[in-house]
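Results of the structural survey
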Amino acid sequence: MCMTIYDSFSIQNRVTLYQGDCLEFLKTIPDESVTLVVTSPPYNIGKEYEKKVSLEIYYKWQEKVIQECYRILKNNGSICWEVGNYVSNGEITPLDIYLYPIFNSLNLHLRNRIIWEFGHGLHCSKRFSGRYETILWFTKTDDYIFNLDSVRVPQKYPNKRYFKGPKKGELSCNPLGKNPSDVWDIPNVKSNHIEKTIHPCQFPIELMERFVLSMTNKDDIVFDPFMGVGTTAIAALMHDRKAAGSELEKKYVEVAKERIIAAENGTLQMRPMGRPVFDPKAKDDYIPPETIAFPSEEQLQLTLLQKEVIYK
Ligand SMILES: C[S@@+](CC[C@H](N)C(=O)[O-])C[C@H]1O[C@@H](n2cnc3c(N)ncnc32)[C@H](O)[C@@H]1O
């Protein structure tokens, strides 16, 4: 299979990857043309892809990017901004608290402050080790897309039934699973993660799938201004959405293109959405790595509960 990866934006493109500055790329995108902006910007903490600047300069730059993302967002669309902490001399500044006023000044509506928790990371000696990041989910209006059924997760006790009353014997829970809540336990991409590339801070694909599935419909455009190695695009394309994004570093864009093509060809290694987090105490929990192609129509129709049975 062959997919064209365009480097300039058109709403017809299935995927556009621009190598360069996101503000330059944003200028080329028409007003109200994308349904979901989901991203993780640099946190200004001196990673290999960023120059540390004062928080004031960082804030002003983020403000410009967020204002442009707002401009290109459709009225039924969402912006999800994933950040951690800025750290200086051992003191932390939670960036979401710092950035919130920018979104608020645009009249965006905060729907959730999602806690993404994960088990691995650096160990701190003078404070507790950081094991979560936050995602601020805003909508442009009150009339927004939210496909909850597509991201339900299995209940702790599936198949629970009413044991008395007129509904005795009937299921007392939603057979499609429960609302995943605003605390998400999804492994982060560390060195032994099946999706690990050369990027120091890539998203797990399943994290992006949850946003794509719940906040967009087929053929909608998902945009990531800080695309890194293309995780957002992969999640969008896997579920028949269109993808667009920018990335400053050529080496990451190249990896992003390779990953997109591998996903299209069914050779990209990835952790399937909904797989339980590894529990070393549970003997039979090991599931060998596997490759997943873009899902077929048939696979897409599987409910999360059915998938759960297959993966176990
Ligand atoms: C936190 S990483 C995002 C990683 C991405 N979520 C992934 O899964 O690969 C932020 C990315 O933004 C890129 N970046 C920094 N400044 C940029 C700019 N002005 N325009 C576009 N990309 C930029 C960095 O090179 C880095 O890859």
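These figures come from a predicted structure and were not determined experimentally.

**Comments concerning the pairing of strand S4 (residues 85-88)**
Successive residues of a regular strand alternate their side chains across the two faces of the sheet. Alignment of S4 against strand S5 (residues 91-94), held across four bridges, turns out to be antiparallel. Bridge pairing in S5 links Asn85 to Pro94. What sits between the antiparallel neighbours S4 and S5 is a turn of two residues, in which Asn89 has the positive phi angle 50°.

**Considerations on helix H5 (residues 231-238)**
Since one α-helical turn is 3.6 residues long, residues separated by three or four positions face the same way. Among the eight residues of H5, eight are classified as buried, and the element is accordingly described as predominantly covered. As for H5, its buried residues are in contact with strand S1 (15-19), strand S2 (34-39), helix H4 (205-215), strand S9 (221-224), strand S10 (242-247) and helix H6 (250-265). Of the residues flanking the end of H5, it is Asp240, one or two places downstream, whose phi is positive at about 60°.

**Re the packing of helix H2 (residues 55-72) against helix H3 (residues 95-105)**
Between H2 and H3, the least distance of the axes is 10 Å, while the angle of their chain directions is 40°. Relative to H3, H2 is oriented oblique. Classified by chirality, the crossing of H3 by H2 is right-handed. Contact residues: Tyr59, Gln62, Glu63 and Ile66 in H2; Tyr98, Leu99, Ile102 and Phe103 in H3. Here the contact of H2 with H3 is composed, by residue class, of six nonpolar, one polar and one charged.

**Comments concerning the site of the ligand**
Taken together, 19 residues surround the ligand, and among them Tyr49, Gln202, Phe226, Gly228 and Thr231 come closest. Class assignment of the residues belonging to the shell around the ligand gives a composition of nine nonpolar, six polar and four charged.

**Quick notes on the sheet that holds S9**
Spatial strand order, S1-S10-S9-S2-S3-S7-S6-S8: eight strands in an open sheet with mixed pairing. Each edge of the sheet is formed by a strand with only one pairing partner; in this case those strands are S1 and strand S8 (183-185). On average, each strand axis in the sheet is tilted by 15° relative to the strand beside it, whichever way the strands run. Relative to S10, S9 runs parallel, the two sharing four bridges. The residue bridging Val222 from the neighbouring strand is Ala243, located in S10.

Conventions used here
Residues numbered from 1 in each chain as written. Predicted model: local features only at pLDDT ≥ 70, side-chain atom pairs only at ≥ 80, totals over all residues. Pairing = 2+ DSSP bridges. Helix = DSSP H or I, 4+ residues; strand = E, 2+ residues; numbered from the N terminus. Buried ≥ 20, exposed ≤ 12 C-beta atoms within 10 Å, placed from the backbone. Contact = placed C-beta atoms within 7 Å. Axes fitted to C-alpha atoms, helices over the stretch in contact; angles between N-to-C directions. Parallel < 35°, antiparallel > 145°, perpendicular 65-115°, else oblique. Left-handed = near helix turned anticlockwise from the far one by under 90°. Nonpolar A, V, L, I, M, F, W, Y, C, P; charged D, E, K, R; others polar. Near = placed C-beta within 6 Å.

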